[in-house]
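One letter stands for each residue in the lines below.
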Amino acid sequence: MPNTISSTDYKTEYGQRTGLTVQRDKIKEGDRVLIIDDLVATGGTLSSAISLVKLLKGTVVECACVVELKMFVDPPADSGLPSRTKLFTGLGHEDVPIWGLISEHILTTEAKLPDGYVDDGEEH
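Right, let's walk through the structure included here. (Residues numbered from 1 in each chain as written. Predicted model: local features only at pLDDT ≥ 70, side-chain atom pairs only at ≥ 80, totals over all residues. Heavy atoms only, no water.)

Notes on the nonpolar core
Here is step 1: The biggest cluster of nonpolar side chains holds 17 residues, and the ones touching the most others in it are Ile-35, Leu-46, Ile-50, Val-53, Val-60 and Cys-63.
Here is step 2: Elements with a contribution of two residues or more to this core: strand S5 (32-40), helix H1 (44-55) and strand S6 (59-68).
Here is step 3: With five residues, H1 is the largest single contributor of residues to this core. (Core = buried A, V, L, I, M, F, W, Y, C linked by side-chain atoms within 4.5 Å. Buried < 20%, exposed > 50% of the residue type's maximum accessible area, 1.4 Å probe, protein only. Helix = DSSP H or I, 4+ residues; strand = E, 2+ residues; numbered from the N terminus.)

Pasting the structure below:
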């Protein structure tokens, strides 16, 4: 794209990714930016987006995600999982809050219907 700036390459739970890109005139010095993502796990994509906003002298007010996998926030050292806390601290992003609508504990909770439940096909 013409007149763009890119963040550096970054890692996700899926592997290495090329940097994110934005047109230079879309974020101006002093702009307050909300970054929205569908899912945050290791924080690779969010950290890349935060870096990009900072390159353009904007301020990331918050990151909002539909699903947040909290198991990557600060996993035990022996788990083999990457730590989002260590990544953000290493990049100087520890001041940016992340808000998730749903965390993985909801996604792994099995719904149980009461005994004798019968679906009558109506909305309730």
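Points about a nonpolar patch on the surface
Here is step 1: Together, Val-66, Trp-99 and Leu-101 make up an exposed nonpolar region whose accessible area comes to about 310 Å².
Here is step 2: When its relative accessible area of 42% is taken as the criterion, Val-66 is described as partly exposed. (Patch = residues over 30% accessible without salt bridge, like charges linked within 9 Å, V, L, I, M, F, W, Y side chains within 5 Å. Areas by Shrake-Rupley, 256 points an atom, 1.4 Å probe, with all protein chains shown as cover. Salt bridge = Lys/Arg side-chain N within 4 Å of Asp/Glu carboxyl O.)

Let's talk about the packing of H1 against helix H2 (residues 84-91)
Here is step 1: Direction vectors running N to C along H1 and H2 enclose 15°, while the axes themselves pass 10 Å from each other. In this view, H1 runs roughly parallel relative to H2, as classed from their interaxial angle. Between H1 and H2 lies a crossing of right-handed hand. Side by side, H1 and H2 meet where Gly-44, Leu-46, Ser-47 and Ile-50 of the first sit next to Leu-87, Phe-88 and Leu-91 of the second.
Here is step 2: Among the residues forming the contact of H1 with H2, the class breakdown is five nonpolar, two polar and no charged. (Axes fitted to C-alpha atoms, helices over the stretch in contact; angles between N-to-C directions. Parallel < 35°, antiparallel > 145°, perpendicular 65-115°, else oblique. Left-handed = near helix turned anticlockwise from the far one by under 90°. Contact = heavy atoms within 4.5 Å. Nonpolar A, V, L, I, M, F, W, Y, C, P; charged D, E, K, R; others polar.)

Details of the side chain of His-93
Here is step 1: By the secondary structure assignment, His-93 is in the loop between H2 and strand S7 (98-103).
Here is step 2: You can call His-93 buried: its relative accessible area is 2%.
Here is step 3: Separated by 3.0 Å, the side chains of His-93 and Ser-51 make a polar contact.
Here is step 4: There is a polar contact of 3.0 Å between the side chain of His-93 and the side chain of Lys-54.
Here is step 5: Those residues in contact with His-93 that sit more than four places away from it in its chain are Ser-47, Ile-50, Ser-51, Lys-54 and Phe-88. (Polar contact = N/O pair within 3.5 Å; in protein donor to acceptor, adjacent residues only side chain to side chain.)

Observations regarding the sheet that holds S6
Here is step 1: Read from one edge of the open sheet, three strands run S5-S6-S7, paired in parallel fashion. Where the open sheet ends on each side, the last strands, each with one partner, are S5 and S7. This sheet shows a mean twist of 15° between the axes of neighbouring strands, independent of strand direction.
Here is step 2: Looking at chain direction, S6 and S7 are connected through five bridges and run parallel. When the bridges of S7 are listed, Cys-63 appears paired with Ile-98.
Here is step 3: This element, H1, spans S5, S6 and S7 of the sheet and lies at about 165° to S5. (Pairing = 2+ DSSP bridges.)

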